[in-house]
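Spelled out, the chains give:
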Amino acid sequence: MEKCIKSVLIGGEDVEVIIVDDGSTKDDTAEIADRYAKMYPTIVKAVHQENGGHGQAVNTGLAHATGKFFKVVDSDDWVDARSYKKILTTLKSFVEGEEPDMVIANYVYDKVGAKRKKVIHYDNVFPVEQMFGWDDIGKFKIDQYILMHSVIYRTQLLKDCELQLPKHTFYVDNIFVFEPLPYVKKMYYVNTNFYRYFIGREDQSVNESVMISRIDQQLSVNKRMIDSFISENPQNINCRKYMINYLRIMMEVSSIFLIVSGTKEHLEKKKALWQYAKD
């Protein structure tokens, strides 16, 4: 967590760092948050709350955010210093009132023990360092979906679309990226390896056995995304295509873990999920 905090503090007075202590009792999160808020009173806010899970922590961060742009950095992860400075220079360069709704940058899978770090970049999909819309995007490869790691939203857009993530639910980062998309008109891509996504803890939410044990939460997120897509009914054809493909990937991931589990109950849940989508 301290590595994460130190990486974002490089932004100095240009950034507002909101550390959300989500009712932590097993570590020094509360003490660390308060210590940094005291050390950097003009930059860091420490917010303490009863445990509500990842989604509620993001909700709290957004509620306290006063900056023009909003970026979630999980405490396991960090940002690259050189890329961070490039991102901040870019954000400050936008003309008042003409800012993009969404800024995208590359992210790196920082997997423990891996000699080569996998970089997800989008230079074959988006125009580089220029304003663009849905009609200007190319074709995504299978591993190029926009994740929480790669996205920076305009804060007011998230507040205008009244984004609220569910409490005590894992995998809500998919909702965070997905639900605001129909509201996004202007985008900007910075081709720099900004976000470092740590992979390696045994209890991490993307660990296979952990995902199977939490499959009901994944299914709940799937269904909410389906409902959101139908209710928002995005009009731009490329936005629609992207959202449908994102849903397809989510459905496939859920289905694979239900099949891998192999229990009769989980196979029935897979069948029910696809029936929900058809209905």
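Relevant structure appears above.
How each quantity is defined
Residues numbered from 1 in each chain as written. Predicted model: local features only at pLDDT ≥ 70, side-chain atom pairs only at ≥ 80, totals over all residues. Heavy atoms only, no water. Buried < 20%, exposed > 50% of the residue type's maximum accessible area, 1.4 Å probe, protein only. Helix = DSSP H or I, 4+ residues; strand = E, 2+ residues; numbered from the N terminus. Pairing = 2+ DSSP bridges. Core = buried A, V, L, I, M, F, W, Y, C linked by side-chain atoms within 4.5 Å. Axes fitted to C-alpha atoms, helices over the stretch in contact; angles between N-to-C directions. Parallel < 35°, antiparallel > 145°, perpendicular 65-115°, else oblique. Left-handed = near helix turned anticlockwise from the far one by under 90°. Contact = heavy atoms within 4.5 Å. Expected span 1.5 Å × (residues − 1). Polar contact = N/O pair within 3.5 Å; in protein donor to acceptor, adjacent residues only side chain to side chain. Right-handed = clockwise from strand over helix to strand, strands pointing away. Nonpolar A, V, L, I, M, F, W, Y, C, P; charged D, E, K, R; others polar. Phe/Tyr/Trp six-rings, centres within 6.5 Å; stacked < 30°, edge-to-face > 60°. Lys NZ or Arg CZ within 6 Å of the ring centre and 35° of its normal.

Visitor: Can you walk me through the pairing of strand E5 (residues 102-111) in this structure?
Guide: The element E5 is extensively covered by neighbouring structure, given that eight of its 10 residues are classed as buried. In terms of strand pairing, E5 meets strand E8 (residues 151-154) through three bridges, oriented antiparallel. Looking at the pairing, Val103 lines up with Ile152 of E8. Relative to strand E6 (residues 118-120), E5 runs antiparallel, the two being bridged by three bridges. Considered in E6, the bridge of Tyr107 is made with Ile120. The loop that links E5 with its antiparallel partner E6 comprises six residues; one of these, Gly113, has a positive phi angle of about 85°.

Visitor: Help me understand the nonpolar core, please; the structure alone is not making it clear to me.
Guide: Nonpolar side chains in soluble globular proteins tend to end up buried together. Met102, Tyr122, Phe126, Tyr153, Phe176 and Tyr242 are the most contacted members of the largest nonpolar core, which has 82 residues in total. Among the elements that make up this core, the one with the highest residue count is helix H9 (residues 237-261) (nine residues).

Visitor: Please explain the packing of H9 against helix H10 (residues 264-278) as it appears in this structure.
Guide: The packing of two helices is summarised by the inter-axis angle and the distance between the axes. At a closest axis distance of 8 Å, the pairing of H9 and H10 adopts a crossing angle of 160°. When the axes of H9 and H10 are compared, the pair comes out roughly antiparallel. The way H9 lies across H10 gives a crossing that is left-handed. Across the interface between the two elements, Met251, Ser254, Ser255, Leu258, Ile259 and Ser261 of H9 pack against His266, Leu267, Lys269, Lys270, Leu273, Trp274 and Ala277 of H10.

Visitor: Help me understand H9 in this model?
Guide: Given 3.6 residues to a turn, an α-helix orients residues that are three or four positions apart in the same direction. The first and last C-alpha atoms of H9 sit 36 Å apart over 25 residues, in line with the 36 Å expected at 1.5 Å per residue. All of the buried residues along H9 are Cys239, Tyr242, Met243, Tyr246, Leu247, Met250, Met251, Ser254, Ser255, Phe257 and Leu258. Tucked inside the fold, the buried residues of H9 contact helix H6 (173-178), helix H7 (208-213), helix H8 (215-232) and H10. Structurally, the start of H9 carries an N-cap: the backbone nitrogen of Asn238 is 2.9 Å from a side-chain oxygen of Asn236. Count one or two residues on from H9 and you reach Gly262, which has phi positive near 80°.

Visitor: Honestly, the pairing of strand E2 (residues 44-49) in this entry has me stumped. Any pointers?
Guide: Strand residues, when the strand is regular, have side chains that alternate between the two faces of the sheet. As defined by bridge partners, strand E1 (residues 17-22) adjoins E2 across six bridges and the pair is classed as parallel. Bridging across to E2, Asp22 finds its partner in Gln49. Taken together, E1, helix H2 (residues 29-39) and E2 form a β-α-β motif whose crossover is right-handed.

Visitor: How do you make sense of helix H1 (residues 2-9) when you look at a structure like this?
Guide: Among all positions in H1, only Cys4, Ile5, Ser7, Val8 and Leu9 are buried. Where H1 is buried, its residues meet E1, H2, E2, strand E4 (78-79) and helix H4 (81-93).

Visitor: What should I look at first to understand the packing of H8 against H9 in this one?
Guide: Relative orientation of the contacting elements H8 and H9 amounts to 160°, with a least axis distance of 10 Å. Taken as axis vectors, H8 and H9 run roughly antiparallel relative to one another. Handedness of the crossing formed by H8 with H9: left-handed. Seen from H8, the contacting residues are Ile215, Gln218, Leu219, Val221, Asn222, Met225, Ile226 and Phe229; seen from H9, they are Arg240, Met243, Ile244, Tyr246, Leu247, Met250, Met251, Val253, Ser254, Phe257 and Leu258. The residue inventory of the contact of H8 with H9, partitioned by class, reads 15 nonpolar, three polar and one charged.

Visitor: Just to check I follow, could you spell out the packing of aromatic side chains for this structure?
Guide: Think of a pair of aromatic rings as described by two things: how far the centres are apart, and how the planes are tilted against each other in angle. Per the stated rule, a full pass over the model turns up 21 aromatic pairs. Seen from their ring centres, Tyr122 and Tyr189 are 6.0 Å apart, and the 85° between their planes marks the pair as edge-to-face. Here the residue Tyr122 occupies a position in the loop between E6 and strand E7 (131-132), and Tyr189 occupies one in strand E9 (residues 187-199), the gap between them amounting to 67 residues. Residue Tyr122 is classed as buried on the basis of its relative accessible area, which comes to 0%. Under the relative-accessibility criterion, Tyr189 is labelled buried at 0%. What links up through ring pairs into an aromatic cluster is the set Tyr122, Phe126, Phe132, Trp134, Phe140, Tyr145, Phe178, Tyr189, Tyr242 and Tyr246. The ring of Phe170 has Arg214 sitting right over it, with the charged end atom 3.5 Å from the ring centre.

Visitor: What am I meant to see in the side chain of Gln144 here?
Guide: For Gln144, the position within the fold is in the loop between E7 and E8. Here the side chain of Gln144 touches His121 through a polar contact of 2.7 Å, landing on its backbone oxygen. Side-chain polar atoms of Gln144 contact the backbone nitrogen of Lys141, separated by 2.8 Å. If we skip the residues at most four places from it in the chain, Gln144 touches Ile120, His121, Tyr122, Asn124, Val125 and Lys139.

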